[in-house]
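# Overview (structure and organization)
Now for the letters of each chain:
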Number of protein chains: 4
Amino acid sequence: MKRKIGIVGATGYTGVELLRLLVSHPAVEITCVTSREHAGSRVDAMFPNLRGYLDLTFTAPSDEALSACDLVFFATPNGIAMKSAQTLLDAGTKVIDLAADFRIKDIAVWEKWYGMQHASPHLVEEAVYGLPELNRAAIRNARLVANPGCYPTAVTLGLLPLVENNLIDVAGIIADTKSGVSGAGRKAEVHTLLAEAGDNFKAYAVAGHRHQPEIAQTLSTIAQTAISPVFVPHLLPMIRGIHATLYAMLTTEADLQQLYATRYAAEPFVDVMPAGSHPETRSVRGANVCRMAIHRPGNGQRVVVLSVIDNLVKGAAGQAVQNMNLMLDLAEGTALQQPGLLP
Amino acid sequence: MKRKIGIVGATGYTGVELLRLLVSHPAVEITCVTSREHAGSRVDAMFPNLRGYLDLTFTAPSDEALSACDLVFFATPNGIAMKSAQTLLDAGTKVIDLAADFRIKDIAVWEKWYGMQHASPHLVEEAVYGLPELNRAAIRNARLVANPGCYPTAVTLGLLPLVENNLIDVAGIIADTKSGVSGAGRKAEVHTLLAEAGDNFKAYAVAGHRHQPEIAQTLSTIAQTAISPVFVPHLLPMIRGIHATLYAMLTTEADLQQLYATRYAAEPFVDVMPAGSHPETRSVRGANVCRMAIHRPGNGQRVVVLSVIDNLVKGAAGQAVQNMNLMLDLAEGTALQQPGLLP
Amino acid sequence: MKRKIGIVGATGYTGVELLRLLVSHPAVEITCVTSREHAGSRVDAMFPNLRGYLDLTFTAPSDEALSACDLVFFATPNGIAMKSAQTLLDAGTKVIDLAADFRIKDIAVWEKWYGMQHASPHLVEEAVYGLPELNRAAIRNARLVANPGCYPTAVTLGLLPLVENNLIDVAGIIADTKSGVSGAGRKAEVHTLLAEAGDNFKAYAVAGHRHQPEIAQTLSTIAQTAISPVFVPHLLPMIRGIHATLYAMLTTEADLQQLYATRYAAEPFVDVMPAGSHPETRSVRGANVCRMAIHRPGNGQRVVVLSVIDNLVKGAAGQAVQNMNLMLDLAEGTALQQPGLLP
Amino acid sequence: MKRKIGIVGATGYTGVELLRLLVSHPAVEITCVTSREHAGSRVDAMFPNLRGYLDLTFTAPSDEALSACDLVFFATPNGIAMKSAQTLLDAGTKVIDLAADFRIKDIAVWEKWYGMQHASPHLVEEAVYGLPELNRAAIRNARLVANPGCYPTAVTLGLLPLVENNLIDVAGIIADTKSGVSGAGRKAEVHTLLAEAGDNFKAYAVAGHRHQPEIAQTLSTIAQTAISPVFVPHLLPMIRGIHATLYAMLTTEADLQQLYATRYAAEPFVDVMPAGSHPETRSVRGANVCRMAIHRPGNGQRVVVLSVIDNLVKGAAGQAVQNMNLMLDLAEGTALQQPGLLP
């Protein structure tokens, strides 16, 4: 029997991407797609790419309907899932939050960066950070998963082998990151209009960005020491894709190509390219993969890791489905085995 | 002594484009740039391309300050200029409205398409439709100019020689038009986000668009008979530029290349390309020119005119400056003699 | 047992798109991917989106290897398939040509438009024009299929119900079409550089385009009378997608919405949107569907049909796979059931 | 009397940009525009944005015609200017090379990076590196100017105040740079097609790029010590614009905002934005300015400088005109006083 799946807040980009992936999933059935504003209207009227694949209307959020699901995704703004998760968990429904409510373990840090009081601090400890390459076993057993941010996925996977093996000077890590505009969501705002963000490039939030403490937490946990990388995000004039250019100084000599290849050999959704490669964001467009290449310019001690993902797939909805598969004891790659759309 | 110029509502794209052109104008001085919302903040903080060229802050709209100008541009939404124009005209200040308030002579038609009651129907008759290629003499003597819409400029100039000379079946005109997103203005809306309008193409408003009656009015006046072309606009995944593809059936034989070349020979801002050409929107990017080419596929009776403009320049701010030059008895091309930015 | 599939000339965009679709096809096995120039190098080195999905190297074209296939796709420039098809057919291998070699029945017309002598005129008669919505039964029985051009697919499907039912004045059809640049192929040319075709829009080939006689042939065959529509293509500043805006005059009254809905009700890959809709190219990005909407502005006799496809999918590789499924007696939609990638 | 100007190789993007700027220059006359391949055809047939502004045809390169000029620009590939410069200098004609022939003082380094033997090593010493902010006096007196590369302009101006004042650890400089595709020139190549570079982002040449030794040379000269920054370029899916994100560790405390403001206060074409700003490439589109902002995330010792230019203007043709003005004793800003095109 198919598992029942609900999606709260499916009018944004992570929502429609979840739907795109899940309609091809043989073991699940989408039973409930909520939107307070659009209740009563067909989902495929808003997202016509789904015409013929999804015969559902948006419904108003209801604890009853959602509690009847085996698993519920929150594709909502920050601060929503934390108010409803406990109710669903009590009903035996598993929860994956694609927003940031359960990502940061230190409540004070979370409240500072997200500008609100946390409604369920007791659940933060229980929540598993949903990066399968780091926490696969815990995710399998989790009731509540905090799906990682898009930048943190690209940055963390790019640095993981170096940090795990204590090979670099962790005080000097720089993450120069670039994202397509879909990362900003489907909100009506001037700065992400095509006439503003198109044909243009800029850095933003250099003084501080919410994904920095998330990255810092994960790297610090791995290294067992405090790591706070420099994190500079930029906005790309395109829709999908993140490129992280990561800089670190090697303190211990190692064959990095071999190191990465070995670390990720068994990972279905991390691809280490041959030495000398330059991964392109388009190679992962629509695909649930983090593709990377490792460089040492001039064979020096400076390491440059290039790491790309589709921010809506491995950086959001795809990773969430990967987590769902683990939590529901399904084959991890179900509905995620598609090559990227190139060109 | 320099003429004093005011701009009402300079926080949109036609506003910043007026500023870009006027800061290089040797005979005018911008004395007043209004915005209710941004009063007190520097203009170049919003539009950093103007840093070093314009030392002004936005001020709240004030009849007193605007009345001290020789000429005021309204770069406002529809329905604003019609409320203030009379006061300025009474003070001896000339007015150019870049919105649609004074474009349509038939008040009932205007009220139907623009969904509001007209506040100054008595001024509509006085207002001159600011297409210099059609109304140059009247513009020179005008106190109040209705600056044409962007689509109407490209379409009307493309059809003018055919209609003036009664060469086509006016019942069968089709205007298939395509516009960059800056034509939709600098408003926060979902459908013009880069993530929505980028890498995408669609028609819109096929059932009816406000520029259709404007085009119909001008062509009908020229032809002395009612013309109501089919008008289908489309949204291009780019910022600036309109391309009109115009179809008509020739009823009288003529050398069209010669006809167009002669009609526009003395026009400083219309460029008729050699036979067989395909004008590109980028060739007019930032430039105050309508560039066109005339085709007769298979040498048949079907005429295809290709007409391009930059919707913010010849389609809005540039044409407004051209009108200002005429109204203030300055050389018509002042501040408008720049090649397009290619590539 | 899986069917063996070969692809000749898989270094272009239709080639890589065939590969993207076929690696997910459960009933076929790609055994041979040829490229004279790149023989010996891995396919996924050129197209890294295929890393992990295709473990093949390009091989030099060889009749022997290709003849061992059940079916061979030619994703080559025009003029290649016509030289090799007979050999493969003789060996019992079925052939689908994605180029134009077998599309035009009148050899003289073909030779005029394609500028070369036809090498296999005797096969042209046998070849079936691979538009399943028109020729499904014949395709099932075909050894040799001429896969339709991208523009012809969008235009023909958009006009089919009108022409089949003799509802319009066929002398006045206008097809104003717009295509993303991938339609021009993966050839190093100046005019399709990002710095040339990006942020730009233009018509091209207004004097005559090879897809016009192809469209004319299909419509004429359906109508049993000569039809030669006006066909004006334009180049869009984006990668994938065709939008055809089709104009015709209704000569017989009909409920067009109903007509189209009925005509395409059983078609798995044609989607008629509700009245008043504007199909977007992004809604079919990566998907094998032709999505359309029918308009009658002002409820007059003028019909405006809006028809969109992904030029690389329903306009090329997807339609080819659909044809392959029919020719190999597989379920028609196998490997083609994916929603478009939106945003 | 107007100065006579020649341009060798004006069929590329730096060539057409020189023409766009120079047609508005009141003190010069373009007398000679050469192209071996296009000799005899009109310049504005290739670049229709110049229609009405330039009445010239391309001519085959001729020492005689070029020697009659007061100054000649080489907008040619690398390796051309070095063969002709001496002849022109002997005739009293000044020379500005927009390619790299005279940028690197160490001939061995140049020959290694550019893969050819230098034809005029004796001229390399004489050539002045044309960065006015560094070498204004020498440029005024120069016969031969090496116009800087695009990346080196953005990077060097961004780091200049820090290096001049010995405030940073010069061993740890990182320049993460991003460029629009026009930087790759108007050459028919697959990797810069819209269908390849559009909607995509990647790093390239991480192992080594020709602009690295150029930057290293300039910074080393200023610092009087060897500096070899890490330099990682990326390709942006847009036409014009470079964004350099520059990282360094402060070793001496200083008020950086004040430092930069003071250093560039008298510079007409460097704009230091207020603290906290994020310069956008579009703010300099078409404009001869380097716009920058200085950040210290968390008020730590890490400095992040954001520096943007239009690669074709301040990064090439605009800077060349600025140098020309200096060399011909004209006002430095002539023909360069235009705000950027925004949006």
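Residues numbered from 1 in each chain as written. Chains lettered and ligands numbered in written order. Predicted model: local features only at pLDDT ≥ 70, side-chain atom pairs only at ≥ 80, totals over all residues. Heavy atoms only, no water.

The subject of this paragraph is the UniProt feature "domain: Semialdehyde dehydrogenase NAD-binding" (unreviewed entry) in chain A. Within this structure's numbering, the places UniProt gives as "domain: Semialdehyde dehydrogenase NAD-binding" (unreviewed entry) are residues 4–142 of chain A. Between the C-alpha atoms that bound residues 4–142 of chain A there is a distance of 17 Å. The span itself is 38% helix and 16% strand. (UniProt positions renumbered as here; feature names shortened; annotations may be inferred. Helix = DSSP H or I, 4+ residues; strand = E, 2+ residues; numbered from the N terminus.)

One pass over the structure, following the stated rule, counts ten cavities of 30 Å³ or more. Size it by volume and the largest cavity reaches roughly 350 Å³. In this structure, the largest cavity is lined by 24 residues; those nearest its centre are Pro237 of chain A, Asp199 and Pro237 of chain B, Pro237 of chain C together with Pro237 of chain D. Looking at side-chain class alone, the lining of the largest cavity contains 16 nonpolar, four polar and four charged residues. The volume enclosed by the second largest cavity comes to roughly 100 Å³. For the second largest cavity, the lining is made up of 13 residues, of which Arg20, Gln338 and Leu341 of chain B together with Arg20 and Gln338 of chain D are closest to its centre. A class-by-class count of the residues in the lining of the second largest cavity yields four nonpolar, five polar and four charged. (1 Å grid on protein atoms, 1.4 Å probe; cavity = no way out; pocket = protein on both sides within 12 Å on 5 of 7 lines; lining within 4 Å. Points joined across faces, edges and corners; volume = space filled by probe spheres on them. Nonpolar A, V, L, I, M, F, W, Y, C, P; charged D, E, K, R; others polar.)

Bringing the relation of the copies chain C and chain B into the picture now. For the pair chain C and chain B, the relating rotation is 180°, the translation along its axis is 0.0 Å, and the fit reaches an RMSD of 0.0 Å. In symmetry terms, the pair is related by a two-fold rotation axis. The position closest to the rotation axis in chain C is occupied by the C-alpha of Pro237 of chain C, lying 3.3 Å away. (Least-squares fit on C-alpha atoms with pLDDT ≥ 70 in both.)

A few words now on the state of the cysteines. Applying the stated criterion across every chain, the model contains zero disulfides over all chains. We note that Cys150 of chain B lacks a disulfide partner, and the nearest cysteine sulfur, in Cys290 of chain B, lies 12 Å from it. The cysteine Cys32 of chain D is free of any disulfide, with Cys69 of chain D supplying the nearest cysteine sulfur at 5.2 Å. (Disulfide = S-S within 2.5 Å.)

With that out of the way, let us pick up the relation of the copies chain D and chain A. Once chain D is rotated about the relating axis by 180° and shifted along it by 0.0 Å, it coincides with chain A to within an RMSD of 0.0 Å. Counting the interface residues of chain D, we find that 100% of their copies in chain A are interface residues as well, pointing to one common contact surface. (Contact = heavy atoms within 4.5 Å.)

With 37 residues of chain C at the interface, the matching set in chain B holds 37 residues. With both sides pooled, the region where chain C packs onto chain B buries about 3,200 Å², and carbon together with sulfur makes up 56% of that total. When the buried surface of chain C facing chain B is broken down by residue, Asp199, Phe201 and Val206 of chain C rank first, second and third, together holding 18% of it. At the junction of chain C with chain B, the criterion picks out eight salt bridges. Of the charged contacts, one joins Arg282 of chain C and Glu196 of chain B as a salt bridge, the two residues approaching to 2.6 Å between their closest N and O atoms. Linking chain C to chain B there are 24 residue pairs in polar contact (both at pLDDT 80 or more). Per-class residue counts for the side of chain C that touches chain B are 19 nonpolar, nine polar and nine charged. (Buried area = accessible area lost by both parts, 1.4 Å probe. Salt bridge = Lys/Arg side-chain N within 4 Å of Asp/Glu carboxyl O. Polar contact = N/O pair within 3.5 Å; in protein donor to acceptor, adjacent residues only side chain to side chain.)

All right, on to the pairing of strand E12 (residues 290–295) of chain B then. Residues and elements named next belong to chain B. Extensive coverage of E12 is indicated by the burial of six of its six residues. What you see with E12 is no split at all: Cys290, Met292 and Ile294 on one side and Arg291, Ala293 and His295 on the other are buried throughout. Across three bridges, the pairing between strand E11 (residues 270–272) and E12 is parallel. Paired with Val272 across the bridge in E12 is Met292. (Buried < 20%, exposed > 50% of the residue type's maximum accessible area, 1.4 Å probe, protein only. Pairing = 2+ DSSP bridges.)

For the coordinates displayed, the defined rule picks out 84 salt bridges over all chains. Note that Glu253 of chain B is salt-bridged to Arg296 of chain B, the shortest N-O span being 2.7 Å. Taken as a pair, Glu253 of chain B in the loop between strand E10 (242–249) and helix H11 (256–263) and Arg296 of chain B in the loop between E12 and strand E13 (302–309) lie far apart in primary sequence, 43 residues in all. Take Glu253 of chain B: its relative accessible area is 52%, and that puts it in the exposed class. Between Lys314 of chain C and Glu133 of chain C there is a salt bridge, with the nearest N and O atoms lying 2.7 Å from each other. Remark: Glu133 of chain C occurs in helix H7 (residues 132–141) and Lys314 of chain C occurs in helix H12 (residues 313–327); sequence separation between them is 181 residues. Both residues of the pair, Lys314 of chain C and Glu133 of chain C, count as buried.

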